[in-house]
Amino acid sequence: GGTAPPSPDGLEVVAVETPEQLEEFGTTMVEAFPVPELTGRPYGGFGPGLLDVPGWRMWVGRLDGRAVATSAVHVHGGINDVEWISNRPEARGRGVGAAVTWAATLADPSLPAMLIASDLGQPVYERMGYLRLTRFTLWFRGR
(Lines give C-alpha, C1' and ligand atoms only; values in the text may rest on other atoms or scores of the structure.)
Protein backbone atom coordinates (compact mmCIF):
# COMPACT_ATOMS: atom_id res chain seq x y z
CA GLY A 1 0.00 0.00 0.00
CA GLY A 2 0.93 3.60 0.08
CA THR A 3 1.50 6.40 -2.34
CA ALA A 4 4.58 7.03 -4.42
CA PRO A 5 6.59 10.04 -3.24
CA PRO A 6 7.68 12.69 -5.76
CA SER A 7 10.40 11.52 -8.13
CA PRO A 8 13.95 12.83 -7.64
CA ASP A 9 14.89 15.94 -9.61
CA GLY A 10 15.90 15.12 -13.16
CA LEU A 11 14.25 11.68 -13.17
CA GLU A 12 11.74 10.64 -15.81
CA VAL A 13 10.10 7.21 -15.44
CA VAL A 14 9.06 6.08 -18.92
CA ALA A 15 6.75 3.16 -19.78
CA VAL A 16 8.34 0.74 -22.25
CA GLU A 17 6.05 0.53 -25.27
CA THR A 18 8.28 0.23 -28.35
CA PRO A 19 11.07 -2.13 -29.46
CA GLU A 20 13.54 0.77 -29.12
CA GLN A 21 12.47 1.36 -25.53
CA LEU A 22 12.69 -2.39 -24.86
CA GLU A 23 16.26 -2.36 -26.18
CA GLU A 24 17.06 0.51 -23.80
CA PHE A 25 15.36 -1.38 -20.93
CA GLY A 26 17.29 -4.60 -21.66
CA THR A 27 20.66 -2.92 -21.99
CA THR A 28 20.15 -0.89 -18.82
CA MET A 29 18.92 -3.85 -16.77
CA VAL A 30 21.77 -6.11 -17.93
CA GLU A 31 24.42 -3.47 -17.17
CA ALA A 32 22.93 -2.07 -13.95
CA PHE A 33 21.92 -5.27 -12.17
CA PRO A 34 24.43 -6.62 -13.59
CA VAL A 35 23.78 -9.75 -15.66
CA PRO A 36 27.03 -10.16 -17.64
CA GLU A 37 25.79 -13.36 -19.31
CA LEU A 38 23.29 -11.29 -21.29
CA THR A 39 25.62 -8.41 -22.24
CA GLY A 40 25.58 -7.69 -25.96
CA ARG A 41 22.43 -9.71 -26.69
CA PRO A 42 19.67 -7.89 -28.57
CA TYR A 43 17.13 -6.39 -26.17
CA GLY A 44 19.33 -7.60 -23.31
CA GLY A 45 17.97 -11.08 -24.01
CA PHE A 46 14.33 -9.98 -23.89
CA GLY A 47 12.54 -10.52 -27.22
CA PRO A 48 10.25 -7.83 -28.65
CA GLY A 49 7.31 -10.23 -28.22
CA LEU A 50 7.44 -9.39 -24.52
CA LEU A 51 5.72 -6.10 -25.37
CA ASP A 52 2.57 -8.04 -26.31
CA VAL A 53 2.37 -10.37 -23.29
CA PRO A 54 -0.81 -9.63 -21.30
CA GLY A 55 -0.05 -8.32 -17.84
CA TRP A 56 3.63 -7.43 -18.47
CA ARG A 57 4.66 -3.81 -18.10
CA MET A 58 8.15 -2.31 -17.93
CA TRP A 59 9.68 1.09 -17.14
CA VAL A 60 13.01 2.80 -17.69
CA GLY A 61 14.22 5.50 -15.33
CA ARG A 62 16.13 8.25 -17.11
CA LEU A 63 18.15 10.57 -14.92
CA ASP A 64 18.99 13.79 -16.75
CA GLY A 65 18.15 11.99 -20.02
CA ARG A 66 20.34 8.90 -19.40
CA ALA A 67 18.82 5.46 -18.78
CA VAL A 68 19.95 4.43 -15.30
CA ALA A 69 17.23 2.18 -13.85
CA THR A 70 14.55 -0.37 -14.73
CA SER A 71 11.49 -2.03 -13.27
CA ALA A 72 8.85 -4.41 -14.51
CA VAL A 73 5.68 -6.06 -13.29
CA HIS A 74 3.59 -9.04 -14.25
CA VAL A 75 0.03 -8.40 -13.12
CA HIS A 76 -1.60 -11.81 -12.75
CA GLY A 77 -3.31 -14.01 -10.21
CA GLY A 78 -4.49 -11.06 -8.15
CA ILE A 79 -1.04 -9.58 -7.52
CA ASN A 80 1.51 -7.12 -8.91
CA ASP A 81 4.56 -9.39 -9.27
CA VAL A 82 7.40 -6.83 -9.33
CA GLU A 83 10.50 -7.90 -11.26
CA TRP A 84 13.74 -6.72 -12.90
CA ILE A 85 14.54 -3.78 -10.65
CA SER A 86 17.95 -2.38 -11.48
CA ASN A 87 19.80 0.86 -10.81
CA ARG A 88 23.22 1.89 -12.06
CA PRO A 89 25.75 2.47 -9.25
CA GLU A 90 26.13 6.17 -10.01
CA ALA A 91 22.37 6.71 -9.53
CA ARG A 92 22.06 4.81 -6.24
CA GLY A 93 21.16 6.57 -3.01
CA ARG A 94 19.12 9.25 -4.80
CA GLY A 95 15.63 7.70 -4.77
CA VAL A 96 15.83 6.48 -8.37
CA GLY A 97 15.45 2.78 -7.52
CA ALA A 98 12.46 3.51 -5.30
CA ALA A 99 10.84 5.65 -8.01
CA VAL A 100 11.00 2.93 -10.67
CA THR A 101 9.92 0.33 -8.12
CA TRP A 102 6.88 2.44 -7.25
CA ALA A 103 5.84 2.45 -10.92
CA ALA A 104 5.73 -1.36 -10.91
CA THR A 105 4.30 -1.62 -7.40
CA LEU A 106 1.31 0.53 -8.33
CA ALA A 107 0.73 -0.94 -11.81
CA ASP A 108 -2.69 -2.04 -10.57
CA PRO A 109 -3.17 -0.09 -7.34
CA SER A 110 -6.16 -2.22 -6.38
CA LEU A 111 -3.88 -5.27 -5.97
CA PRO A 112 -1.12 -6.08 -3.47
CA ALA A 113 2.47 -6.25 -4.71
CA MET A 114 5.30 -8.67 -4.04
CA LEU A 115 8.91 -9.02 -5.14
CA ILE A 116 12.03 -11.02 -4.49
CA ALA A 117 14.66 -8.64 -3.13
CA SER A 118 18.41 -8.69 -3.48
CA ASP A 119 20.40 -7.84 -0.36
CA LEU A 120 21.20 -4.45 -1.93
CA GLY A 121 17.54 -3.65 -2.64
CA GLN A 122 16.01 -4.94 0.59
CA PRO A 123 16.40 -1.69 2.59
CA VAL A 124 14.83 0.32 -0.26
CA TYR A 125 11.80 -1.96 -0.40
CA GLU A 126 11.37 -2.00 3.38
CA ARG A 127 11.29 1.84 3.39
CA MET A 128 8.55 1.59 0.75
CA GLY A 129 6.49 -0.65 3.04
CA TYR A 130 7.36 -4.09 1.70
CA LEU A 131 7.60 -6.77 4.39
CA ARG A 132 10.19 -9.54 4.44
CA LEU A 133 8.47 -12.94 4.43
CA THR A 134 11.43 -15.28 4.08
CA ARG A 135 15.03 -15.47 2.95
CA PHE A 136 16.55 -17.86 0.49
CA THR A 137 19.77 -18.07 -1.47
CA LEU A 138 20.19 -18.97 -5.12
CA TRP A 139 23.42 -20.39 -6.54
CA PHE A 140 24.17 -20.17 -10.23
CA ARG A 141 26.54 -22.41 -12.08
CA GLY A 142 27.62 -22.20 -15.71
CA ARG A 143 26.74 -25.02 -18.03
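Residue positions are given per chain, counting from 1 as you read along its sequence in written order. Predicted model: local features are reported for residues with pLDDT of at least 70 only, side-chain atom pairs are reported and counted for 80 or more only, and whole-chain, interface and lining totals are derived from all residues. For side-chain calculations, the full set of non-hydrogen atoms in the structure is used, while hydrogens and water are omitted.

**A few points about the overall build of the chain**
Stage number 1. Only DSSP runs of H or I with at least four residues qualify as helices, and only runs of E with at least two residues qualify as strands; both kinds are numbered from the N terminus onward. Assigned secondary structure in the chain consists of three helices and five strands.
Stage number 2. Beginning at the N terminus, the succession of helices and strands in the chain can be written as β-α-β-β-β-α-β-α.
Stage number 3. Here the C-alpha atoms of the chain give a radius of gyration of 15 Å, agreeing with the 15 Å that 2.2 N^0.38 yields for 143 residues.
Stage number 4. Viewed in the frame of its principal axes, the chain has a C-alpha envelope of about 40 × 35 × 30 Å.
Stage number 5. Note on exposure labels: buried denotes an accessible area under 20% of the residue type's maximum, exposed denotes more than 50%, and partly exposed covers the range between, all computed with a 1.4 Å probe on protein chains only. Buried residues in the chain amount to 38% of all 143 residues.
Stage number 6. Note on areas: these come from Shrake-Rupley sampling with a 1.4 Å probe, and a residue is covered only by the protein chains present in the view. Taken as a whole, the chain presents about 8600 Å² of accessible surface, with 55% of it coming from carbon and sulfur. Between the two quantities, the radius of gyration covers C-alpha atoms and the globule rule is 2.2 Å times the number of residues to the power 0.38.

**Description of the sheet that holds strand E2 (residues 56-63)**
Stage number 1. Taken in spatial order, the five strands make up an open sheet running E1-E2-E3-E4-E5, and their pairing is mixed. The outermost strands of the open sheet, each flanked by one partner alone, are strand E1 (11-15) and strand E5 (113-115). Direction aside, neighbouring strands of the sheet carry axes that sit 25° apart on average.
Stage number 2. Two strands form a pair only when DSSP identifies at least two bridges running between them. One ladder, built from eight bridges, connects E2 with strand E3 (residues 66-76); its direction is antiparallel. Bridge pairing in E3 places Trp-56 opposite His-74.
Stage number 3. Lying over the sheet, helix H1 (residues 19-32) contacts E1, E2, E3 and strand E4 (79-87), oriented at roughly 105° with respect to E3. Note on geometry: axes are C-alpha line fits, over the in-contact stretch for helices, and angles between N-to-C directions span 0 to 180 degrees. Contacts are assigned to residue pairs with any non-hydrogen atoms lying within 4.5 Å of each other.

**A short note on unusual backbone geometry**
Glycine aside, residues mostly have negative phi, and peptide bonds are mostly found in the trans state.
Stage number 1. A positive phi is found at Asp-64, a non-glycine position, where the angle reads about 50°.
Stage number 2. By secondary structure assignment, the location of Asp-64 is in the loop between E2 and E3.
Stage number 3. In the Ramachandran plot, Trp-84 falls in the positive-phi region, its phi being about 50° despite a non-glycine side chain.
Stage number 4. Among the structural elements, Trp-84 can be located in strand E4.

**Looking at the packing of aromatic side chains**
Stage number 1. Between 30 and 60 degrees the pair is tilted, below 30 it is stacked and above 60 it is edge-to-face, where a pair is any two Phe, Tyr or Trp rings, Trp via its six-membered ring, whose centres lie within 6.5 Å. Per the stated rule, a full pass over the model turns up five aromatic pairs.
Stage number 2. Both rings, one in Phe-46 and one in Trp-84, keep their centres 4.5 Å apart while their planes meet at 45°; by these two values the pair is tilted. Taken together, the residues span a long stretch of sequence, with Phe-46 in the loop between H1 and E2 and Trp-84 in strand E4 at a distance of 38 residues.
Stage number 3. One aromatic cluster is present, formed by Phe-25, Phe-46, Trp-56 and Trp-84 through successive ring pairs.

**Some details on helix H2 (residues 96-105)**
Stage number 1. Within H2, 10 of the 10 residues are buried, which leaves it mostly tucked inside the rest of the structure.
Stage number 2. Taken together, the buried positions of H2 are Val-96, Gly-97, Ala-98, Ala-99, Val-100, Thr-101, Trp-102, Ala-103, Ala-104 and Thr-105.
Stage number 3. Next to the buried residues of H2 lie E1, E2, E3, E4, E5 and helix H3 (122-128).

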